Amino acid sequence: MPMSTAVLDTVADLCRTVAALHGELTRNELVIWTAGNVSARVPGEDLMVIKPSGVSYDQLTEDTMVVTDLHGELVHGRFAPSSDTAAHAYVYRHMPEVGGVVHTHSTFATAWAARGEPIPCVLTMIADEFGGEVPVGPFAMIGDDSIGRGIVDTLRGSRSPAVLMRNHGPFTVGRDARSAVKAAVMVEDVARTVHIARQLGTPEPLRQEDIDRLHDRYQNVYGQHQER
Ligand SMILES: O=C(CO)[C@@H](O)[C@H](O)COP(=O)(O)O
């Protein structure tokens, strides 16, 4: 069925946004070569916008983005969609609150994924953004629903917007693509900090009551919530 003018306008906006957000992956040094991707759900539609597979970040524009349905079937675009399209699509089908998905192989978060070890909640910033430890999901082969199922099954039992897929790397989700990119930036930062802390000694875990209070404050008070 052809897209309405309103949907076409929304898709065009999302293509611009998703293309630009890939620049945040390179700016924050979360990816090498083409090893990462960002997608956005098209609100109210069985559609998503995602990066084209293997295309260099400096060639990503609104015109090179790919539109697929939420089973990964190509709807619009000159390029083949990301090789992680099935995983992103599975998340959108099973987590209706998610509007954006990011996948990177950022160094420190991927090192924790290689060890299959959750990042413990030993920093206020981990409590703020992740609400507890950053969990580990199962090893899964790329190309079908396996990775997406592992992401959803792991995140369902956690407040975290990030999951360290074992032997692979981090996947993050958010209410929109920018929130998912923020989670990808922050999971790499805390992975690095806790790794360094571990070199110097044993980090102290936060108490659950403090984690809960920190997470609630950060999610509901921090930033510009009040009308000025
Ligand atoms: O993990 C993998 C490949 O093993 C992918 O995440 C790629 O690293 C990025 O793929 P494209 O988005 O360019 O298809």
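Every chain is numbered on its own, with residues counted from 1 as its sequence reads. Given that the model is predicted, a residue must reach a pLDDT of at least 70 before its local features are reported, and side-chain atom pairs must reach 80 or more before they are shown or counted; all residues, however, enter totals for whole chains, interfaces and linings. Side-chain measures were taken over the full set of non-hydrogen atoms in the model, leaving aside hydrogen atoms and water.

- Per an unreviewed UniProt entry, the protein chain goes by the name L-ribulose-5-phosphate 4-epimerase and belongs to Solihabitans fulvus.
- UniProt positions are given in the numbering used here, feature names are shortened, and annotations may be inferred rather than shown by experiment. As its UniProt record puts it under Cofactor (unreviewed entry), the protein chain is described as follows: "Zn(2+)".
- Among the UniProt annotations of the protein chain, the heading Sequence similarities (unreviewed entry) holds the following wording: "Belongs to the aldolase class II family. AraD/FucA subfamily."

1. A closer look at the nonpolar core
So, point 1. What we call a nonpolar core is a set of buried Ala, Val, Leu, Ile, Met, Phe, Trp, Tyr and Cys residues that are connected through their side-chain atoms within 4.5 Å. Exposure is judged per residue with a 1.4 Å probe applied to protein chains only, and the accessible area is read against the type maximum: over 50% gives exposed, under 20% gives buried, and values in between give partly exposed. Counting residues in hydrophobic clusters, the biggest one holds 25 residues, and the most contacted among them are V11, L25, V38, V49, M65 and V102.
So, point 2. Under the scheme used here, helices are H or I runs from DSSP no shorter than 4 residues and strands are E runs no shorter than 2 residues, and both carry numbers assigned from the N terminus. Elements with a minimum of two residues in this core: helix 1 (5-27), strand 1 (36-41), strand 2 (47-50) and helix 6 (177-200).
So, point 3. The criterion used for residue contact is that any of the two residues' heavy atoms lie within 4.5 Å. Not counting residues up to four positions away in its chain, the partners in contact with L25 are L30, V31, G36, N37, V38, V102, T104 and V181.
So, point 4. Counting residues in each nonpolar core, the second largest holds 21 residues, with I50, V66, F171 and V173 among its members.

2. A few points about the pattern of salt bridges
So, point 1. Each salt bridge in this description consists of a side-chain nitrogen of Lys or Arg and a carboxyl oxygen of Asp or Glu lying within 4 Å of one another. Summed over the entire model, instances satisfying the criterion amount to 12 salt bridges.
So, point 2. When the shortest N-O distance is used, the salt bridge between D210 and R207 registers 2.8 Å.
So, point 3. By sharing partners, the salt bridges in this structure join D13, R16 and E62 into a single network.

3. Focus on the site of the ligand
So, point 1. Residues in contact with the ligand amount to 13 residues; listed here are only the nearest, K51, S53, S82, S83 and D84.
So, point 2. Whenever two N or O atoms come within 3.5 Å, that pair is a polar contact, provided that in protein one can donate a hydrogen and the other can accept it, and provided that, for residues adjacent in sequence, both atoms are side-chain atoms. K51 places a side-chain nitrogen or oxygen 2.7 Å from an oxygen atom of the ligand.
So, point 3. S82 has a polar side-chain atom sitting 2.7 Å from an oxygen atom of the ligand.
So, point 4. Computed on the free molecule, the ligand has an accessible area of 380 Å², of which 78% lies beneath the protein chains in the complex.
So, point 5. Residue composition of the shell around the ligand, grouped by class: 1 nonpolar, 10 polar and 2 charged. Any residue with a heavy atom positioned within 4 Å of a molecule or strand is treated as near that molecule or strand. For every accessible area listed, the method is Shrake-Rupley and the probe measures 1.4 Å; residues are considered covered only by the protein chains on display. Residue type decides the class: Asp, Glu, Lys and Arg count as charged, Ala, Val, Leu, Ile, Met, Phe, Trp, Tyr, Cys and Pro as nonpolar, and the leftover types, Gly among them, as polar.

4. A few points about the side chain of N37
So, point 1. With respect to the element layout, N37 can be found in strand 1.
So, point 2. The exposure class assigned to N37 is buried, which follows from its relative accessible area of 4%.
So, point 3. A distance of 3.2 Å separates polar atoms of two side chains, one belonging to N37 and the other to S82.
So, point 4. A polar side-chain atom of N37 sits 2.8 Å from a polar atom in the side chain of H88.
So, point 5. Each residue touching N37, except ones within four places of it in the same chain, is listed here: H22, L25, K51, Y57, S82, D84, H88, V101, V102 and H103.

5. Considering unusual backbone geometry
Negative phi is the rule for most residues except glycine; trans is the rule for most peptide bonds.
So, point 1. Positive phi values are uncommon outside glycine, yet W33 reaches one of about 55°.
So, point 2. The residue W33 is located in the loop between helix 1 and strand 1 in this model.
So, point 3. Taking the relative accessible area as the measure of exposure, W33 reaches 76% and is therefore exposed.
So, point 4. For N167, which is not glycine, the phi torsion reads 60° and is therefore positive.
So, point 5. Mapped onto the elements, N167 comes out in the loop between strand 7 (162-165) and strand 8 (169-174).

6. Let's talk about the packing of aromatic side chains
So, point 1. A pair of aromatic rings is counted whenever rings of Phe, Tyr or Trp (Trp by its six-membered ring) have centres within 6.5 Å, and the orientation is called stacked for planes under 30 degrees apart, edge-to-face for over 60 and tilted otherwise. According to the stated counting rule, one finds 1 aromatic pair in the structure shown.
So, point 2. Seen from their ring centres, Y218 and Y222 are 4.7 Å apart, and the 25° between their planes marks the pair as stacked.
So, point 3. You can call Y222 partly exposed: its relative accessible area is 46%.
So, point 4. Lying over the aromatic face of W112, R115 brings its terminal NZ or CZ to 4.4 Å of the ring centre. Placement of a positive charge over a ring is assigned whenever Lys NZ or Arg CZ falls within 6 Å of the ring centre and within 35 degrees of the normal to the ring plane.

7. A closer look at helix 6
So, point 1. What a helix is expected to span follows from its residue count: subtract one and scale by 1.5 Å. Taking 1.5 Å per residue, 24 residues should reach 34 Å; helix 6 reaches 35 Å between its end C-alpha atoms and fits that length.
So, point 2. Looking only at helix 6, the buried set comprises A177, S179, A180, V181, A183, A184, M186, V187, E188, V190, A191 and V194.

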